[in-house]
Each structure stands twice: as structure tokens, then as C-alpha cells.
Amino acid sequence: MSKGYRKYFGKKLIWFVVTLFFAVVLNFLLPRLMPSDPVASIVNKVIGSSTDTTAAQEMYNHFAEEFGTNKPLITQFFIYVKNLFQGNLGTSFSQYPRKVSDIIKTSIGWTLALQIPAIIVGWILGNVLGAVAAYIRKGWDKVVMPVSMFISNIPAFGSAIILLYIFAIKLKVAPVAGAYSYEMIPNFSWKFISSVIQHYQLPFWSIVLISIGGQAIGMRSMSIYELNADYVKYSRFLGIRDKKIVGYVFRNAMLPQVTGLAMSLGTSIGGALVAERVFSYPGLGSTMFGAVTSADYPLISACTLMITLMVLIVTLLLDVIYGFIDPRVKAAQFDA
Amino acid sequence: MKSTLKQLLHSPKFMTGLITFLVVLILVIVYPFIVPGDPLERIGVGTFAKPGIYFSLYDSVTTQRETLKLSNADEKRMAAAVDEEDKAAMKELIKKTETAYDGDLDDTVFLIEVWEENYDAMMQTKMKSADKKYYQRIQKRLEALKSADNMLVYDEDSEDSKTTITKTDYVRTGAVANVKVLPLGTENFGRDMLKELLAAAGTSLKIGLLAGIVATLLGLFFGLLSGYLGGWVDEVIMFITTMFTVIPGFVLLILISYSLGQEARGPMIIAVVIGLTSWTWTARSVRSQVISLRNRDHVNLSKISGHSLARIILTDILPYIASYVVMAFILQVSSGILAEAQLSLLGLGPKTTTTPTLGLMMNWAMNYSAHTNGSWWAYFPVIFIIAAITFSLNQMNTGMDQVFNPALRD
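Residues numbered from 1 in each chain as written. Chains lettered and ligands numbered in written order. Predicted model: local features only at pLDDT ≥ 70, side-chain atom pairs only at ≥ 80, totals over all residues. Heavy atoms only, no water.

A short note on the overall build of chain B
Point 1. Along chain B, the regular secondary structure elements total 16 helices and 6 strands.
Point 2. In terms of C-alpha radius of gyration, chain B reaches 32 Å, well past the compact-globule figure of 22 Å for 410 residues.
Point 3. Referenced to the eigenvectors of the C-alpha coordinate spread, the extents of chain B come out at roughly 105 × 55 × 45 Å.
Point 4. The buried share among the 410 residues of chain B stands at 46%.
Point 5. Contacts in chain B between residues far apart in sequence, at least 24 positions, make up 74% of those at least 6 positions apart.
Point 6. In the form shown here, chain B has an accessible surface area of approximately 21,100 Å², with 60% of it arising from carbon and sulfur atoms.
Point 7. Positive and negative side-chain charges of chain B, numbering 37 and 40 respectively, have mean locations separated by a distance of 8 Å. (Helix = DSSP H or I, 4+ residues; strand = E, 2+ residues; numbered from the N terminus. Rg over C-alpha atoms; globule rule 2.2 N^0.38 Å. Buried < 20%, exposed > 50% of the residue type's maximum accessible area, 1.4 Å probe, protein only. Contact = heavy atoms within 4.5 Å. Areas by Shrake-Rupley, 256 points an atom, 1.4 Å probe, with all protein chains shown as cover. Lys, Arg positive; Asp, Glu negative; His and termini not counted. Charge placed at Lys NZ, Arg CZ, Asp CG, Glu CD.)

Quick look at the structure:
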């Protein structure tokens, strides 16, 4: 690896670490900045209307100790970070005495296996459709654009529910909820895997559908912009074959789309997580919903941290890929 | 300015967007005048009443009647009495006995006609006695309906005041004292769905508007500052905005909403929080616009003339980026509405018992499993109206983009 590349990737890595640090700080600080005492409100929620004051006091002390809220903020932060490094995310309230890290471990696998392939497939399909729409314009463009315009405006949970209604409720070709048949215990049998695949379809395609629309629109306008650029006119003037020009155009329009994917990840993940709730898919989205309804503070905070971490890692990966495909980054290594 | 407006009015995209938006807006404003009352009033005791016209059965007994003799009234009455399972069994028997018919068996009235005509012949064929009994039971029920005599309705207190209802009695809906039209049925709490939906759309529009204003003002302020001043101010602001494009705004939104606690989460507080977590990309795009303007001649001239910073920004920079800011604002409004809906679906939406929002309605419908029990009217209209609002705003945005940025024109 040349010096230029090392510099580029080094910079990206430093940026990753800095952002991660701030994400952790925010995750730690935001709930603690609020005027209300988090431990008191948690105890209130857990105890409810019970009037047993000694029990409430005991519980308060227990959680105050666990969060360290009785210590100064900076000490709390160090305890928090130390625990993070040990993979200790605290104890769940709603599923007491399960460890939060344990719950996260089981749900994050489902989320990763669902979201990442779906986002990638949606991105590819969207870009191809957008580029084709830009190139053909007449006819095809008139059909594809309005349709993807409208689809991209249906909120993520909306398209999830519509798919659920059509395929699971009306046509009964897909299961209604879950990631596998409820009577099964996860194992490596063929029966279990086929059940997982069956349950995978609807959530997968609903997330694909969400990302197609937006990507197609972006790619189309990028391609149109590039097709009108001077270098295209000049190449035509020189008599370069259309096929070759389209290749250049596609590549140039593609680059911002890679960045676009990285930028849109943060927003699309929200919708995708909500889609999990619609299908009761046992991933982070459903876990978070459960945590919110049962006021399970450690679990919520762990979920948000995991989501941030996921987005950060994917962004870093995209930056690395971008470095390899963008000619300008490549050119920079010759300058160095 | 005038010509730009004219161009906008000729842009088909902008106009579709504008008209869709106005239709929603007018519905939201006008509907409460047509159907007055509290949108959160629980009129239904059960959950999820189907859409339709409901008239009081009690009142219709005493309403003045007309006699109408309709030819297939009996068949229709019978059709209403057979369920899906019975229909499937009837179809199976007709198919099995190879009975000839001319029409569509999915049409229940026709199915019953065929059944009636051929029942005796079909029962002659060989079949299991359990099946035979099942078919006979269906037939018996149908026969009973056909031959059913008049109905008697008594007053609970005195048996003298009885009313006879014959099969040919009809009352005009308009003549019944109590009729309630529920175009979208009722939702899980038994509220008038359409009325609540439009009230919710109104709140959601307000939330989107406030979130958009907060985000645009903050974005504009920091974008101008960072783009015009440059230097360390620029670097700090850029550092923050770049970070927030990577850290999902949605995550911040969840953290803040949760930390606020249930009591503090009114719809407008949620709107402000949404605005606070989404200003960064407006700031970034404003900054890049300002940077390209910063060294234009007219700005330099103002600087040399000793005009104040505020004046330069107000007269030399803002007018040039105004169209851009309006477009960013429109997008912020639409993403604000979506953000509220998503937040509510995670159970972190506004905590209120007095105002519905689109997200809350969606959340309620999901909590009561409207999506799995087939009550489409409880969630589909909500999705549709969210899509219509965001679609209209985005169309307006694209239309403006094409007018201001000729390279994108069709």
C-alpha cells in the first residue's frame, strides 16, 4: 500500500475513533443532562403506584449504585467506559436479571443479517433503475420515475405494513410475524433454516423497497447531470462510442451515490428498525420498542449505542471502498 | 422574482405537489366545520367498526315504512347468512357433482341460485354421511331464511305495543332519526377514524412546520457563520456537522425523547427536538452556497464600502441563497413529519391524551394489532396521508430544483 493510501485510510480511521468517542459521550451524557433524576424516575416506573417506601428506597440505592449516579459525573463516565470495554452494558430492568449484553447479542445478529443485505440489494437495484431511467428518459423514465417517486414517499413502516397485509394476511403466502416458527428452537436443521428463510422474505423486501425509490431518484438526477456535462458533449464530438461514454457517465454518477449511501444510512436505519417492529422481527428495532414500552433504560441506551456503532463501522467501510474506486483519491497517491 | 414564480406555476411537478398539499390542507381545515365535535370522542364501545353508514336499528323500527318487492331479496338474505367455509363447501359439491351452471360461482347470490336449483339432484350422488349431514345443515339454514315468517318486535314493558316487520318492509335511511356516517370506520378506541385522522394530520403538519423552522433557522445561522467567516469557526461547525451526519440523528432523537420523560413530551416539544437533531445538513449546504458567494464582486464591494456583517449577509448573501433555503425548509418539514411518525412507532412519540398525531395513530393501531386482524382502515389511511403529504412536499421541492437548476430540467 502506498503512502497516499495510508494517509487517506489513516485519516478515516482517526475520524472514526473521534466520532465514536463523541457518540459514546453523547450516549452517556444526554440522559444524565436532563433535569430529572433518571434513577428516581426509573424507580417510580418500576414500583408504579405501590406505596412501600422502604422497598423503593432500597431499589433506588441499588440502581444508584449500579449507575454510579451518586458519584461525580466524570467518575461516572470512566466507570461507564471501563464497563463498555469489558462488554458490560448493565442489567436489564424488564428481563431482570438478564445482562443487557446478552439480549443485544441475540438480537443484533438478526438485525445485521436482515438490514445489510437488504440495504445493499436495494442500493444496487435503485442505482440500475435510476441510471436506466436517465439514459432512456422517454417512456421508461415516465413510468419508473413517478412510481419510484411515490414509493419512496411511503414511509418505511408503511410499505412494511402494506406488504404484510397483501402477502401475509390476504394471500397467506408468508408468515405474519417473527423470524422463525414460534414452536421451533433455533438449531441447524433444514426445517429450521427453511422457516427462517420464509420469515425473512417480507422484512427483507420491504427494506429493499424503501431504499430502491430514494436511490433511483438520486441516481437518475446524477446521471442526467453527468449526461449534460461538457465532457460528454466533447466525447460525442470526438466520435467516441456511446457505450463507452455511458460507462464514464455511470461511473461518475456512481461515486456520489456511494457517499450518498453512507450519508443516508443514518436516516434509513431508523425506518428499517421500525419495519422490524411491524414484522415482530427479533432484531434491535423490536428489542428497542420492547425496552421503550417497559422503560428499560439500560437496554435502550445499549440499543442506541449499537445502532451508532453499526452505522459508524459501515461508514468506515464505505470510505475505504470509496478510496479504492474514486480516481481522485487514486490520483492523490501519485502526488504524495 | 415574478418570472421565477411564473416558471414555478408552469412546472408540472411543482403544481402536482402544491395541489396535493393544498387538498390535504383544505381537508384538514374544513372537515371540522362539516363534522363538528371533539375528534377524540369515543363514540364506539367496541374496537375497529368497519367503514360504512350506521343507522339506529331502534329508530328504524318506528320509522315509516314502504313496501318494496325486490326479485332476488331472498337470495341476498341467504347470501349474507353463509360464511366463507360454507361457500367453499357448496362450491365443492357443485364441482364434484359436475352440475352445469352458467356464471361466476364467486358471486354468492348466483352460487345460492345454482345451489337451490340443483340441491335435490346433487344430494342423490354418493358421499360420506358426515358430508351429507353438513350439506343438509346448510340447506336447512337456507330454507329457514327463505320461509322465515314475519318478525315481531315488542316493547319491553307492555306486550300490547308490538310491531310486525315483514320481509318486504323498507325504511329510507334519510328518514331514520339517528344515522352516523363513518367513512373510515372507527379505530381501536372507538373514535371516528376520519375525523381523528384529519385532526392528527393537522397536528403532524404543525409538528413538521415547527421542526422545519427550527432546523432551517439553526442550519441557516450556522451555515452562514461557517461559510462567511471561515477560519476556526468554520472548522468547529464543520466538525460538529460532519459528526452528526455519521451519528444517526434518529439515535439522538431517541435518546433525547427518552430522557425528556413522558410528562414533558408534548407534540411541540417533540417538534423542537426533531428540529434540533436535523439542522446539520441544512447548515452544510448553506455553507457551501455561501462559500461560492463569499468572493463575488458585489460582496467585496459591500465589504470595501464598510457595510456591517449583518447588512452584507442580509442584502448580499441571503437573497442569493433564498430559493435554496426554501427548498431545504420544505424537505425539513417533510422529514420532520416522518421523524415524528417513526418516533411514535417506537413508543417515544408525544405523550398526550388531547391531540392525536399521525405517528400516535399508527402506534395505537399497531398496539391493537390492526395490521394482523385485518382492520385496514385503522392504519392504511394514516400511511396514505403521510405519503401524500411527503410526496407533495418532495414534488414541490423537485419542481423548484428544476426551475432553479436548469441542468436537471426534463
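Describing the pattern of salt bridges
Residue and element names in this part refer to chain B.
Point 1. By the definition in use, this model includes 10 salt bridges over all chains.
Point 2. Ionic pairing is found between K180 and D192, a salt bridge with its closest N-O pair at 3.8 Å. Taken together, the residues span a long stretch of sequence, with K180 in strand β6 (residues 179-182) and D192 in the loop between β6 and α8 (193-229) at a distance of 12 residues.
Point 3. Here E187 ties to R191 by a salt bridge, and the two come within 3.8 Å at their closest N and O atoms. For the pair formed by E187 and R191, the shared burial category is buried.
Point 4. Each of E187, R191 and E196 takes part in salt bridges that share partners, so that together they form one network. (Salt bridge = Lys/Arg side-chain N within 4 Å of Asp/Glu carboxyl O.)

Focus: the interface of chain A and chain B
Point 1. With 52 residues of chain A at the contact, the number on the chain B side is 46 residues.
Point 2. Between chain A and chain B, a total of about 4,500 Å² is buried, with carbon and sulfur atoms accounting for 77% of that surface.
Point 3. Contact with chain B buries area across many residues of chain A, yet N153, F157 and R277 of chain A alone supply 14% of it, more than any other trio.
Point 4. For the pair chain A and chain B, the number of links is 0 salt bridges.
Point 5. Counting across the interface, chain A meets chain B through 3 residue pairs in polar contact (both at pLDDT 80 or more).
Point 6. Of all elements in the fold, only α1 (3-33), α6 (140-153), α7 (156-170), α8 (190-227), α10 (242-278), α11 (284-293) and α12 (297-325) of chain A reach the threshold of two or more residues within the side of chain A that touches chain B. (Buried area = accessible area lost by both parts, 1.4 Å probe. Polar contact = N/O pair within 3.5 Å; in protein donor to acceptor, adjacent residues only side chain to side chain.)

Focus: unusual backbone geometry
Point 1. Positive phi, close to 45°, is recorded for S280 of chain A, a residue that is not glycine.
Point 2. With respect to the helices and strands, S280 of chain A occurs in the loop between α10 and α11.
Point 3. Look at S369 of chain B: it is not a glycine, yet its phi comes out positive at around 50°.

Let's talk about helix α10 (residues 249-260) of chain B
All names here are of chain B.
Point 1. Here α10 is 12 residues long and its end C-alpha atoms lie 16 Å apart, about the 16 Å a rise of 1.5 Å per residue gives.
Point 2. Buried within α10 we find F250, V251, L252, L253, I254, L255, I256, S257, Y258 and S259.
Point 3. Immediately downstream of α10, the backbone of G261 shows phi near 85°, a positive value. (Expected span 1.5 Å × (residues − 1).)

Some details on the domain arrangement of chain B
Point 1. Each assigned domain of chain B is listed here: domain 1 (2-43 + 187-408) and domain 2 (57-177).
Point 2. Taking only C-alpha atoms, the centre of domain 1 of chain B and the centre of domain 2 of chain B are 55 Å apart. (Domains from an automatic or database assignment.)

With respect to the side chain of N394 of chain B
Point 1. When you line up the elements, N394 of chain B lands in helix α16 (residues 380-404).
Point 2. With a relative accessible area of 18%, N394 of chain B lands in the buried category.

Here's the deal with the packing of aromatic side chains
How two aromatic rings sit relative to each other is set out by the distance from centre to centre and by the angle between their planes.
Point 1. One pass over the full model with this rule turns up 20 aromatic pairs over all chains.
Point 2. Here F28 of chain A and F77 of chain A contribute two aromatic rings whose centre-to-centre distance is 5.0 Å and whose plane-to-plane angle is 70°, an arrangement assigned as edge-to-face. Pair noted here: F28 of chain A is in helix α1 and F77 of chain A is in helix α4 (residues 73-85), with a separation of 49 residues, a long-range link.
Point 3. Judged by centre distance (6.1 Å) and plane angle (45°), the ring pair of Y134 of chain B and Y135 of chain B falls under tilted.
Point 4. On the basis of relative accessible area, Y134 of chain B is assigned to the partly exposed category, the value being 22%.
Point 5. In textbook terms, an aromatic cluster arises when at least three aromatic residues are bridged by ring pairs, as seen for W15, F21, F22, F28, F77, F78 and Y80 of chain A together with F239 of chain B.
Point 6. Geometry around F289 of chain A places R277 of chain A over its ring, the cationic atom sitting 3.7 Å from the centre.
Point 7. Its guanidinium or amino end placed over the ring of W364 of chain B, R191 of chain B lies 5.3 Å from that ring's centre, counting from NZ or CZ. (Phe/Tyr/Trp six-rings, centres within 6.5 Å; stacked < 30°, edge-to-face > 60°. Lys NZ or Arg CZ within 6 Å of the ring centre and 35° of its normal.)

A word on the nonpolar core
Here is a general trend for soluble globular proteins: nonpolar side chains tend to be buried in one another's company.
Point 1. Judged by nonpolar contacts, the single largest core of 127 residues is most densely connected at I104 and L284 of chain A together with L358 of chain B.
Point 2. Top element by residues in this core is α10 of chain A. It accounts for 13 residues.
Point 3. Sequence-distant contacts of L358 of chain B, defined by excluding residues within four places in its chain, comprise L197, A200, A201, S204, E340, V382, I385, I386 and I389 of chain B. (Core = buried A, V, L, I, M, F, W, Y, C linked by side-chain atoms within 4.5 Å.)

Describing the packing of α8 of chain B against α16 of chain B
All names here are of chain B.
Point 1. For the pair α8 and α16, the least separation of the axes is 11 Å and the interaxial angle reads 35°. Between α8 and α16 the crossing geometry is right-handed. Touching M193, L197, L198, A201 and L205 of α8 are P381, V382, I385 and I389, all from α16.
Point 2. Looking at the contact of α8 with α16, its residues break down into 9 nonpolar, no polar and no charged. (Axes fitted to C-alpha atoms, helices over the stretch in contact; angles between N-to-C directions. Left-handed = near helix turned anticlockwise from the far one by under 90°. Nonpolar A, V, L, I, M, F, W, Y, C, P; charged D, E, K, R; others polar.)

Points about α10 of chain A
Because an α-helix completes one turn every 3.6 residues, residues spaced three or four positions apart along the sequence face the same direction.
All names here are of chain A.
Point 1. The end-to-end C-alpha separation of α10 is 46 Å, well short of the 54 Å expected for 37 residues at 1.5 Å each.
Point 2. Largest kink in α10: about 50°, centred on L265.
Point 3. Directly beyond the C-terminal end of α10, a positive phi value near 45° is found at S280. (Bend = angle between axes of the 7 residues up to and from the residue.)

Let's talk about a negative patch on the surface
Residue and element names in this part refer to chain B.
Point 1. There is a patch of like negative charges on the surface, built from D104, D107, E113 and E117.
Point 2. Take E113: it is sitting in helix α6 (residues 108-122).
Point 3. Look at E113 and you get partly exposed, because its relative accessible area is 31%. (Patch = residues over 30% accessible without salt bridge, like charges linked within 9 Å, V, L, I, M, F, W, Y side chains within 5 Å.)

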